[in-house]
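Observations on chain architecture
Listed below, chain by chain, are the residues.
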Amino acid sequence: MVLLVQYTLIFASVLALVALGGCFSEHSGVINIGLEGIMVMGALGGALAMKFLPATTPGIVLFILIVLASVLVGMAFFTASGICGDPTFNADQTLVGTALNLMGTAAAVVYCKSDQCSGNPDNVSSTVVYRQAKQVFLVKIGDFEFNWFMLIIVLAIIASHIVLYRTKFGLRLCACGEHPQAADSVGISVYRCVMQEC
C-alpha cells in the first residue's frame, strides 16, 4: 500500500507540473497539445544529465544541473511549436502539438534503444541506467520514500494560483487569452502580454 501511494504521488507530481504549463498556455489563449512530447524530451534531458554528470558532483549541484538540463531540453524542443504557432507562419496549433507528441516520444525511445544497443547489441532494453545520483532526490521516512519534487510541485501549484488569479500579470494574461479585443481596447498590448512581458 505504501508503495502504491509513493508511486501515485511521484507520477502525480510530474503530471501536475505539465498541467501547470498547460494552465499558463490556456490562459494566454494558446492551445498547447504538445505537452506530453515536451515532458518526455525534458525527462530524457534530465536522465542523460544524471547519467553523464561526474559521480563526485555534490548533491545540491547535481539537483540544480539536472533540473536545468530538463528545462533547457524541454524549451529547445518546444521552440518548434513556438515558431510554427507564430501568426506569420499560420500553422495549426493542434497539428503542431500532435506532431511534437509523436516526435518527442519516438526520439526518446530511439535514442535510449540506440544508446543501450551501442554497448551490447543483444540489449534491446530502453532503460537508462543511473548510478546512485538518483538518491539525492529521496528522503526515507520509514518505508515511504519522499521525493523532493513532491514538495516542489505543491509549492509550484500554490505559486501558480497566486500568479494567475491574484496578480496584475495573471489578470492581463487571462484577458489577452479570453478577450484579446477587449484587452487591446483598454491599452494592453496583447502580443507583448502573451509573450509574458506584461
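Structure first, text after, so check above.
Everything quoted here is computed from the prediction, not taken from an experiment.

All right, on to the side chain of Ser25 then. Structurally, Ser25 is set in helix H1 (residues 2–27). Assessed through its relative accessible area of 12%, Ser25 is described here as buried. Once residues within four sequence positions are removed from consideration, Ser25 is found in contact with Val30 and Asn32.

Here we take up a nonpolar patch on the surface. Taken together, the side chains of Ile60, Val61, Ile64, Leu65, Leu68, Val71, Leu72 and Met75 present a nonpolar region at the surface, about 720 Å² in accessible area. Considering the arrangement of structural elements, one finds Met75 in helix H3 (residues 59–85).

For the rest of this paragraph, the subject is the environment of Thr94. Mapped onto the elements of the fold, Thr94 is located in helix H4 (residues 93–119). A sequence separation of 61 residues divides Thr94 from Ile33, and the C-alpha atoms of the two residues are 6.0 Å apart.

Attention shifts here to the nonpolar core. The biggest cluster of nonpolar side chains holds six residues, and these are Ala49, Met50, Leu53, Leu62, Ile66 and Ala69. Where this core is concerned, the elements lending two or more residues are helix H2 (35–52) and H3. The dominant element in this core, judged by the number of residues it contributes, is H3, at three residues. Listed in part, the five residues of the second largest apolar core include Ile38, Met41, Phe77 and Leu100.

Okay, the packing of H1 against helix H6 (residues 168–178) next. Packed helices, taken two at a time, are described by the angle their axes make and the gap between the axes. Between H1 and H6, whose axes approach to 7 Å, the crossing angle comes to 60 degrees. Contact with H1, carried on its side by Phe24, Glu26 and His27, involves Phe169, Leu173, Cys174, Gly177 and Glu178 of H6 and no other residues of that element. A breakdown of the residues in the contact of H1 with H6 according to their chemical character gives four nonpolar, two polar and two charged.

Let's shift gears to the environment of Pro180. You can see Pro180 is positioned in helix H7 (residues 180–185). Its relative accessible area of 27% is what places Pro180 among the partly exposed residues. With 151 residues separating them in the primary sequence, Pro180 and Gly29 have C-alpha atoms 8.9 Å apart.

Rules used throughout
Residues numbered from 1 in each chain as written. Predicted model: local features only at pLDDT ≥ 70, side-chain atom pairs only at ≥ 80, totals over all residues. Heavy atoms only, no water. Helix = DSSP H or I, 4+ residues; strand = E, 2+ residues; numbered from the N terminus. Buried < 20%, exposed > 50% of the residue type's maximum accessible area, 1.4 Å probe, protein only. Contact = heavy atoms within 4.5 Å. Patch = residues over 30% accessible without salt bridge, like charges linked within 9 Å, V, L, I, M, F, W, Y side chains within 5 Å. Areas by Shrake-Rupley, 256 points an atom, 1.4 Å probe, with all protein chains shown as cover. Salt bridge = Lys/Arg side-chain N within 4 Å of Asp/Glu carboxyl O. Core = buried A, V, L, I, M, F, W, Y, C linked by side-chain atoms within 4.5 Å. Axes fitted to C-alpha atoms, helices over the stretch in contact; angles between N-to-C directions. Nonpolar A, V, L, I, M, F, W, Y, C, P; charged D, E, K, R; others polar.

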